[in-house]
Amino acid sequence: MDRAELADFLRRCRTRLAPAAVGLPQGPRRRTPGLRREEVAQLAGMSTDHYTRLEQGRGSHPSRQMLAAVARALRLTGDERDHLFHLAGEEPPRDRPATQHVRPGLLLILDRLTDASAHVVSDRGDVLAQNALSKALVGDLSARPEPERNLVRGYFTDPAARELVPPDDHDHAARTAVAHLRATLAARPDDVRLTALVRELRTRSEEFAMLWTAHDVAVRRADTKRFQHPVVGLLELDCEVLLCPEHDQRLVVHTARPGSESYERLELLRVVGVQDFSHG
């Protein structure tokens, strides 16, 4: 918690907000611009003393409910509210609806990554877009029915999808997928499609149900992944994960280290082109 920055941010947001913007009269004795501290406290449903301490950089750590109330009282934008939470040492609420739409700029980047496998995936695990090398590596998921585009569902319900992962890596891949899904659900518990996916997998896969009960939590980040490709063989690839600002989509890029055997095999795969290797 950055008390000094939090205090400064609160003061500046308060002084820029006109009383009329929150339904309060200007009044003849208002000497300073913006709202008074007691007015912000009243709008937020908290004591004036508590709010004053926050502005003076000496308050106790505010709860998430209090931060949300102060954000509403000060009429903060979404970005400003997130900044307020970060200054208080809290992760901002993720109340923006998840979207399946991929921005054109991101699609342009995807297409220009010709020597790397890259795809855009939602935080639920739905593949939203792939470049040519990604389709050659794991199959053209965009050509399949929507339920079959989900990587987590595929891993736990489709034996063919597991064939792309070396047997020694199955446990790690499964635990990583479930831990990420658990973190996503905690951040967006009202997501109907996400809740339905978890319920479905707990019913269809004993392995998923067991791992879900373990309650491991981890957001996917950079890693090294191995793929057992049916044509070019084993590839060991560096995996980079780039988040969009809303965190509901990720650009996942797989590259091979130059000079390595995996690099040569990835180059061969680029020449071989697209085949739906995991279903057939």
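Our subject is the structure listed above.
Residues numbered from 1 in each chain as written. Predicted model: local features only at pLDDT ≥ 70, side-chain atom pairs only at ≥ 80, totals over all residues. Heavy atoms only, no water.

**Concerning the overall build of the protein**
Heads up, the rule is: Counting from the N terminus, the helices are DSSP H or I runs at least four residues long and the strands are E runs at least two residues long. Computation of the radius of gyration draws on C-alpha atoms alone. For the globule rule, the value is 2.2 Å times the number of residues to the power 0.38. Three labels apply to residues, based on accessible area from a 1.4 Å probe with only protein chains included: buried if under 20% of the type maximum, exposed if over 50%, partly exposed otherwise in between. Should any heavy atoms of two residues lie within 4.5 Å, those residues are counted as being in contact. Only the protein chains shown count as cover for residues, and all accessible areas are computed by the Shrake-Rupley method using a 1.4 Å probe. In this tally, Asp and Glu contribute negative charge and Lys and Arg positive charge; neither His nor the terminal groups of the chain are included. In plain terms, the charge of a residue is placed at NZ if it is Lys, CZ if Arg, CG if Asp and CD if Glu.
Within the protein, the secondary structure is distributed over 13 helices and five strands. In terms of overall size, the protein is more extended than a compact globule, its C-alpha atoms giving a radius of gyration of 24 Å where 280 residues would be expected to give roughly 19 Å. Counting every position in the protein, which comprises 280 residues, the buried fraction comes to 44%. Nonlocal contacts in the protein, meaning residues at least 24 apart in sequence, comprise 57% of its contacts between residues at least 6 apart. Carbon and sulfur atoms form 52% of the exposed surface of the protein, whose accessible area is close to 15000 Å². Averaging the locations of the 41 positively and 41 negatively charged side chains of the protein gives two centres separated by 9 Å.

**What about the packing of aromatic side chains?**
Our working definition: Pairs were defined over the aromatic rings of Phe, Tyr and Trp, the Trp ring being its six-membered one, requiring ring centres within 6.5 Å. Orientation was assigned from the angle between planes: stacked under 30 degrees, edge-to-face over 60, tilted for the rest.
The tally for this structure, following the rule as stated, stands at three aromatic pairs. Here Tyr155 and Phe156 contribute two aromatic rings whose centre-to-centre distance is 5.5 Å and whose plane-to-plane angle is 80°, an arrangement assigned as edge-to-face. Neither Tyr155 nor Phe156 differs from the other in exposure class; each is buried. Ring geometry for Phe208 against Trp212: centres 5.7 Å apart, planes inclined by 20°, an arrangement best described as stacked. Separated by four residues within a single helix, Phe208 and Trp212 lie in helix H12 (residues 206-214), roughly one turn from each other. Accessibility expressed as a relative area gives 5% for Trp212, which makes it buried.

**Considering helix H11 (residues 192-204)**
What counts is decided by this rule: Expected span of a helix: the number of residues minus one, times 1.5 Å. Directions pointing from the helix axis toward each C-beta atom define the arc. Polar contact criterion, stated in full: a pair of N or O atoms within 3.5 Å, where within protein one must be able to donate a hydrogen and the other to accept it, and residues adjacent in sequence count only if both atoms are side-chain atoms.
Across its 13 residues, H11 extends 18 Å between first and last C-alpha, which sits within 8% of the 18 Å expected from 1.5 Å per residue. Within H11, burial applies to Leu194, Leu197, Val198 and Leu201. For H11, the buried positions fall inside an angular range of 95° around the axis, keeping them on one side. Residues of H11 that are exposed and point more than 90 degrees away from the buried face comprise Val192, Arg199, Thr203 and Arg204. Residues of H11 that are buried in the fold lie against helix H8 (151-157), helix H10 (170-187) and H12. N-capping of H11 is provided by Asp191, with a side-chain oxygen placed 3.0 Å from the backbone N of Arg193.

**Considering the pairing of strand S3 (residues 223-229)**
Worth spelling out the cut-off: Whether two strands pair comes down to DSSP finding at least two bridges between them.
Where S3 lies against strand S4 (residues 233-243), seven bridges are found, and the strand directions are antiparallel. Paired with Arg226 across the strands is Glu236, a residue of S4.

**Thoughts on the pattern of salt bridges**
Selection criterion: When a carboxyl oxygen of Asp or Glu is within 4 Å of a side-chain nitrogen of Lys or Arg, the pair counts as a salt bridge.
This structure, assessed with the given rule, holds 20 salt bridges. In this structure, Arg53 and Asp49 form a salt bridge, with 3.2 Å as the shortest nitrogen-oxygen distance. Of this pair, Arg53 and Asp49 both sit in helix H3 (residues 48-55), separated by four residues, roughly a single helical turn. The partly exposed category is assigned to Asp49, whose relative accessible area is 47%. In this structure, a network of salt bridges that share partners links the residues Arg124, Asp126, Glu146, Asp191 and Arg193.

**A short note on the side chain of Asn150**
If you trace the backbone, Asn150 turns up in the loop between helix H7 (132-138) and H8. A polar contact of 3.0 Å, which involves the side chain of Asn150, links it to the backbone oxygen of Arg124. At 2.7 Å, the side chain of Asn150 forms a polar contact with the backbone nitrogen of Arg153. The contacts of Asn150, once residues within four sequence positions are left out, are Arg124, Gly125, Asp126 and Leu197.

**Thoughts on the environment of Thr157**
You can see Thr157 is positioned in helix H8. Taking the C-alpha atoms as reference, Thr157 lies 9.6 Å from Phe208; in sequence the two are 51 residues apart. For Thr157, the contacting residues outside a window of four places in its chain are Leu201 and Arg204. One polar contact links the side chain of Thr157 to the main-chain carbonyl oxygen of Arg153, over a distance of 2.5 Å.

**Structural notes on the sheet that holds S3**
What counts, and what does not: For helices, the fitted line uses only the C-alpha atoms of the stretch in contact; every axis is such a line through C-alpha atoms, and the angle between N-to-C directions lies from 0 to 180 degrees.
Spatially, five strands are ordered S2-S1-S5-S4-S3 in an open sheet, and the strand pairing comes out antiparallel. Only two strands of the sheet have a single partner each, and these edge strands are strand S2 (127-130) and S3. Taking the axes of each pair of neighbouring strands and ignoring which way they run, one obtains an average angle of 30° across the sheet. Of the strand pairs in this sheet, strand S1 (residues 117-122) and strand S5 (residues 249-255) are connected by six bridges, and their pairing is antiparallel. Its bridge partner lying in S5, Ser117 is registered against His254. Relative to the sheet, helix H13 (residues 261-272) contacts S3 and S4, its axis offset from that of S4 by approximately 85°.

The values reported here are purely geometric and, on their own, carry no functional implication.
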